[in-house]
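Here is how the chains run, residue by residue.
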Amino acid sequence: MTLRVGVVGLGVMGADHVRTLTTRVSGAVVTAVADIDPVRAASVAGGVGARAFRAGQELISSDEVDAVLVAAADGSHTELTLAAIAAGRPVLTEKPLAPTPEECRQIAAAERAAAAAAAAGGAGGAGGAGRLVAVGFMRRFDPAHVALRDGVRSGSIGRVLLAHAVHRNTTARSGGTSETTVTGSAIHELDSVPWVLGSPVSDVSWHAPRAASGPRVDPQVLLVRTADGALVTVEVFVGAGYGYDVRLEVVGSRGTLALADPALLVRTRDLHRASDYPVDWRPRFAEAYRAELQAWVDAVVTGVAAPDLATAEDGLRAAEAARAAVTSMREGGVPVPVLQI
Ligand code: ISE
């Protein structure tokens, strides 16, 4: 079976996912795309021989797709994901699953209800074990993050004590706020760090130096404690200016493990040594996006859950941790417990 995928939202990530699904993922074809900009929808559709829709809801309910990828604005994730569940369409929603924990709970509840109805009717869930919803936390498919997770979980550095995460963008997206730095950027670490360490986030406190510039506080630092007592620093600097730079080091009782420098080349010349940074996340995580999309397609086609594919519950856990961070931001940086699910 070739999975017919519809992609809703053709901005930076949606367009990239169309390219990846079309050229680097087996077992799937993009048959429909939707965007509020009809010119953009027609252009992307024309490039891959898909049908262009103006509204995501129309694409979701059309009989031209088997599964849906939601890459539209964060504020539309809830309505589009709920529509996919209602239509019985497996859906991969870009992070965050939804901007608030309440919306994530609504999605998780709708997925459970759909799974129960399907079980009563004898049908299985597309993502395996009744799961229709997957969330685009692609760092779980980054080979370096996978190796880091495996090394930490093997006990090779002893008991985990600390971790240090750095997440720097070249330029901040326009329209962002101090809160969306947490819900739209730090959300990656609020999923990947507990995933690497194997322990959920228990509390978060928010900190910042004097604002680097403008109303959006940038950089920000989250001090995260995990349930098994590790202490993690998460620096997010969305206007760092020099390049896209994601780092993670884990400090154990017997040693450390860290993501290696992802640069492919190092130049030496005139007494200098240099390597390049990518401009944004797409080149840095190209293999992660490909592997994540392949895992999602395979899970939908076979009905067998992909172990590392983030679920609606994972999206909710990250949203609850983000809520705690934003609450701490508004309350002067006090540690705020994370509501456990
Ligand atoms: C962006 O939306 C992403 O998801 C990137 O992976 C992240 O690094 C960036 O900070 C976000 O703005």
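Preceding this section is the structure that the text describes.
Owing to the predicted nature of the structure, the values given are computational and were not obtained by experimental measurement.

The rules behind each value
Residues numbered from 1 in each chain as written. Predicted model: local features only at pLDDT ≥ 70, side-chain atom pairs only at ≥ 80, totals over all residues. Heavy atoms only, no water. Core = buried A, V, L, I, M, F, W, Y, C linked by side-chain atoms within 4.5 Å. Buried < 20%, exposed > 50% of the residue type's maximum accessible area, 1.4 Å probe, protein only. Helix = DSSP H or I, 4+ residues; strand = E, 2+ residues; numbered from the N terminus. Contact = heavy atoms within 4.5 Å. 1 Å grid on protein atoms, 1.4 Å probe; cavity = no way out; pocket = protein on both sides within 12 Å on 5 of 7 lines; lining within 4 Å. Points joined across faces, edges and corners; volume = space filled by probe spheres on them. Nonpolar A, V, L, I, M, F, W, Y, C, P; charged D, E, K, R; others polar. Salt bridge = Lys/Arg side-chain N within 4 Å of Asp/Glu carboxyl O. Pairing = 2+ DSSP bridges. Axes fitted to C-alpha atoms, helices over the stretch in contact; angles between N-to-C directions. Near = heavy atom within 4 Å. Sits in = over half its atoms within 2 Å of the grid points. Phe/Tyr/Trp six-rings, centres within 6.5 Å; stacked < 30°, edge-to-face > 60°.

Participant: How should I be thinking about the nonpolar core in this particular structure?
Facilitator: Side chains of a nonpolar character, in soluble globular proteins, are inclined to be buried together. Judged by nonpolar contacts, the single largest core of 65 residues is most densely connected at Leu59, Leu197, Leu222 and Val250. Take this core: its biggest share by element is 10 residues, from helix α10 (residues 312-330). Not counting chain neighbours up to four residues away, the residues in contact with Leu222 comprise Ala186, Leu190, Val204, Ser205, Trp206, Val232, Thr233, Val234 and Ala325. Counting residues in each nonpolar core, the second largest holds 29 residues, with Val7, Val25, Leu92 and Leu309 among its members.

Participant: What am I meant to see in the layout of surface pockets here?
Facilitator: To find the voids left in a structure, one rolls a probe of water-molecule size over its atoms. Taken as a whole, the largest pocket holds about 1100 Å³ of empty space. Contributing to the lining of the largest pocket are 47 residues, with Ala71, Ala72, Ala73, Asp74 and Arg173 lying nearest its centre. Within the residue set of the lining of the largest pocket, elements represented by two or more residues are α1 (12-23), α3 (56-61), α4 (77-86) and α7 (178-197). The element that contributes the greatest number of residues to the lining of the largest pocket is α7, accounting for 5 residues. Of the residues belonging to the lining of the largest pocket, the class tally is 19 nonpolar, 18 polar and 10 charged. When its volume is computed, the second largest pocket comes out at roughly 400 Å³. In this structure, the second largest pocket is lined by 18 residues; those nearest its centre are Asp261, Pro262, Ala263, Asp276 and Pro278.

Participant: Teacher, can you tell me more about the environment of Gly243 here?
Facilitator: In this structure, Gly243 sits in the loop between β10 (231-237) and β11 (245-252). You can call Gly243 buried: its relative accessible area is 2%. Each C-alpha atom of the pair Gly243 and Val135 lies 26 Å from the other, and the pair is 108 residues apart in sequence. Residue contacts for Gly243: discarding those within four places in its chain leaves Arg168, Asn169, Thr170, Tyr277 and Pro278.

Participant: What exactly am I supposed to notice about the pattern of salt bridges here?
Facilitator: Any two side chains of opposite charge can pair, so long as their charged atoms come close to each other. All told, the structure shown has 25 salt bridges when counted by the stated rule. Among the salt bridges present, the one from Glu102 reaches Arg323, with a minimum N-O distance of 2.8 Å. Placement of Glu102 in helix α5 (residues 101-120) and of Arg323 in helix α10 is noted, with a sequence separation of 221 residues between them. For Asp270, the salt bridge is made with Arg269, and the minimal N-O distance between the two is 3.3 Å. Each member of the pair, Asp270 as well as Arg269, carries the same accessibility label: exposed. Members of the salt-bridge network, linked through shared partners, are Arg140, Asp191, Asp314 and Arg317.

Participant: Sorry if this is basic, but what is going on with the sheet that holds strand β1 (residues 3-8) here?
Facilitator: Adjacent strands of a sheet form backbone hydrogen bonds with each other and so pair up, either parallel or antiparallel. Judged by pairing direction, the sheet is parallel, and its 6 strands sit side by side in the order β3-β2-β1-β4-β5-β6 without closing on themselves. Every other strand in the sheet has two partners, leaving β3 (51-53) and β6 (133-136) as the edge strands with one partner each. Strand-to-strand twist in this sheet, taken as the mean axis angle between neighbours without regard to direction, amounts to 25 degrees. The pairing of strand β4 (residues 67-70) with strand β5 (residues 91-94) spans 3 bridges and is parallel.

Participant: Hey, could you run me through the site of the ligand in this one?
Facilitator: In the region of the ligand, the neighbouring residues are Lys95, Met138, His167, Asn169, Arg173, Gly184, Ser185, His188, Tyr244 and Trp281. In a pocket analysis with a 2 Å cut-off to the grid points, the ligand is assigned to the largest pocket. Per element, the largest residue contribution to the shell around the ligand is 3 residues, and it comes from α7. When grouped by side-chain class, the residues that make up the shell around the ligand number 3 nonpolar, 5 polar and 2 charged.

Participant: When you look at the packing of aromatic side chains in this model, what are you seeing that I'm missing?
Facilitator: The relation between two aromatic rings is expressed through the spacing of the ring centres and the mutual angle of the planes. Summed over all chains, the structure comprises 3 aromatic pairs. With centroids separated by 5.2 Å and ring planes inclined at 75 degrees, the aromatic side chains of Tyr242 and Tyr277 adopt a geometry described as edge-to-face. In this pair, Tyr242 is assigned in the loop between β10 and β11 and Tyr277 in the loop between β14 (272-274) and α8 (281-284), connecting sequence segments 35 residues apart. Taking relative accessible area as the criterion, Tyr242 reaches 39% and is therefore assigned partly exposed. Among the aromatic residues, those joined into a ring-pair cluster are Tyr244, Trp281 and Phe285.

Participant: Could you clarify how one ought to interpret unusual backbone geometry in this entry?
Facilitator: Residues other than glycine predominantly adopt negative phi, and peptide bonds predominantly adopt the trans conformation. Omega for the bond connecting Lys95 with Pro96 falls within 30 degrees of zero, at -10 degrees, which places this linkage in the cis form. Residue Pro219 follows Asp218 across a cis peptide bond; omega there is 5 degrees. Turning to its location among the elements, Pro219 is positioned in the loop between β8 (201-207) and β9 (220-226). One non-glycine residue, Asp270, adopts positive backbone phi at about 50 degrees. You can see Asp270 is positioned in the loop between β13 (267-269) and β14. Under the relative-accessibility criterion, Asp270 is labelled exposed at 56%. At Leu271, a residue that is not glycine, the phi angle is positive and equals roughly 70 degrees. Looking at where Leu271 falls in the secondary structure, it is placed in the loop between β13 and β14.

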